[in-house]
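Fold and contact review
The chain contents come next:
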Amino acid sequence: MQTASTNIGERMGRSQELSDSKRGPVIGGHLGNKSIRDISWLLNIPRSTVSGIITKWKQLGTTATQPPSGRPRHMTGRGQRMLKRTVRRSRQLFAESIAKDLQTWCGLQMSPTTVRRELHGMGFHGRAAASKPSITKCNAKRRMPWCKARRHWTL
């Protein structure tokens, strides 16, 4: 029999996905009218995992790993690094030209909209500069003496 401290120590932290060889006995124990607690203790698997396996088996009829939901990402990590490098080199490129560059360099066929979305996710945002009022001649004449008087200021 295991002590509570070793049992807890073995269970702490995130673990890998259970293999089919471990999921089979869970279902076998469930069909043999064992409780979730007993199955968990016998196989040394967390109760939540045992419960999840049984629920999945009841709903889907299988314990096999299902494919992930959602559409796979278009851009790989290498493509993202290349995109970031391209934008850092020249920040005033259009999304269309960046998309063409990525196609020639990486062979990635993507639209300018996808490029903009990726850049937005990386923290690059296309924004217009704030408008700054131009200094009039009258203002310039007033500012010049003020600036000259304070030219040698020190903190």
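Each remark here, short or long, concerns the structure printed above.
Report follows, based on the coordinates. These numbers were taken from a predicted model, which means no experiment stands behind them.

A few words now on a positive patch on the surface. Taken together, the side chains of R78, R81, R85 and R89 define a basic patch exposed on the protein surface. With respect to the helices, strands and loops of the structure, R78 is situated in helix 5 (residues 77-89).

In this model, helix 4 (residues 47-60) (14 residues) spans 20 Å end to end at C-alpha, consistent with the 20 Å of a helix rising 1.5 Å per residue. For helix 4, every residue scored as buried is listed here: V50, I53 and I54. Around the axis of helix 4, the buried residues are gathered within 95° of arc, so they sit on the same side. Of the exposed residues in helix 4, the ones pointing more than 90 degrees away from its buried face are S48 and Q59. The inward-facing, buried residues of helix 4 abut helix 2 (20-31) and helix 3 (36-43). G61, located one to two residues past helix 4, shows a positive phi value of around 80°.

Moving on, we get to the packing of helix 5 against helix 6 (residues 95-106). One way to put it is that helix 5 packs onto helix 6 with a least axis distance of 11 Å and a crossing angle of 130°. Comparing their axes, helix 6 and helix 5 come out oblique. The two elements helix 5 and helix 6 meet at a crossing, and its hand is right-handed. Facing helix 5, whose interface residues are G79, M82, L83, T86, V87 and R89, helix 6 presents I98, L102, W105 and C106. Of the residues assigned to the contact of helix 5 with helix 6, the class counts are 7 nonpolar, 2 polar and 1 charged.

For helix 5, built from 13 residues, the straight-helix expectation of 18 Å at 1.5 Å per residue is met to within 8% by its first-to-last C-alpha distance of 18 Å. When helix 5 is considered as a whole, its buried residues turn out to be G79, M82, L83, T86 and V87. Looking down the long axis of helix 5, one finds its buried residues gathered within 130° of arc, a one-sided arrangement. In helix 5, the exposed positions angled more than 90 degrees off the buried face are occupied by R78, R81, R88 and R89. Packing partners of the buried residues in helix 5 comprise helix 6 and helix 7 (112-122).

This part covers the side chain of R23. Its location among the elements puts R23 in helix 2. Here the side chain of R23 touches T65 through a polar contact of 3.3 Å, side chain to side chain. For R23, the contacting residues outside a window of four places in its chain are E17, L18, I53, T63, A64 and T65.

Below, the discussion takes up unusual backbone geometry. Residues other than glycine seldom take positive phi values, yet N33 does so here, at roughly 60°. Within the secondary structure layout, N33 lies in the loop between helix 2 and helix 3. Looking at N33, the relative accessible area reads 72%, which means it is exposed. A positive phi angle, close to 60°, is found at N44, a residue other than glycine. Along the chain, N44 turns up in the loop between helix 3 and helix 4.

The rules behind these values
Residues numbered from 1 in each chain as written. Predicted model: local features only at pLDDT ≥ 70, side-chain atom pairs only at ≥ 80, totals over all residues. Heavy atoms only, no water. Patch = residues over 30% accessible without salt bridge, like charges linked within 9 Å, V, L, I, M, F, W, Y side chains within 5 Å. Areas by Shrake-Rupley, 256 points an atom, 1.4 Å probe, with all protein chains shown as cover. Salt bridge = Lys/Arg side-chain N within 4 Å of Asp/Glu carboxyl O. Lys, Arg positive; Asp, Glu negative; His and termini not counted. Charge placed at Lys NZ, Arg CZ, Asp CG, Glu CD. Helix = DSSP H or I, 4+ residues; strand = E, 2+ residues; numbered from the N terminus. Expected span 1.5 Å × (residues − 1). Buried < 20%, exposed > 50% of the residue type's maximum accessible area, 1.4 Å probe, protein only. Arc of directions from axis to C-beta. Contact = heavy atoms within 4.5 Å. Axes fitted to C-alpha atoms, helices over the stretch in contact; angles between N-to-C directions. Parallel < 35°, antiparallel > 145°, perpendicular 65-115°, else oblique. Left-handed = near helix turned anticlockwise from the far one by under 90°. Nonpolar A, V, L, I, M, F, W, Y, C, P; charged D, E, K, R; others polar. Polar contact = N/O pair within 3.5 Å; in protein donor to acceptor, adjacent residues only side chain to side chain.

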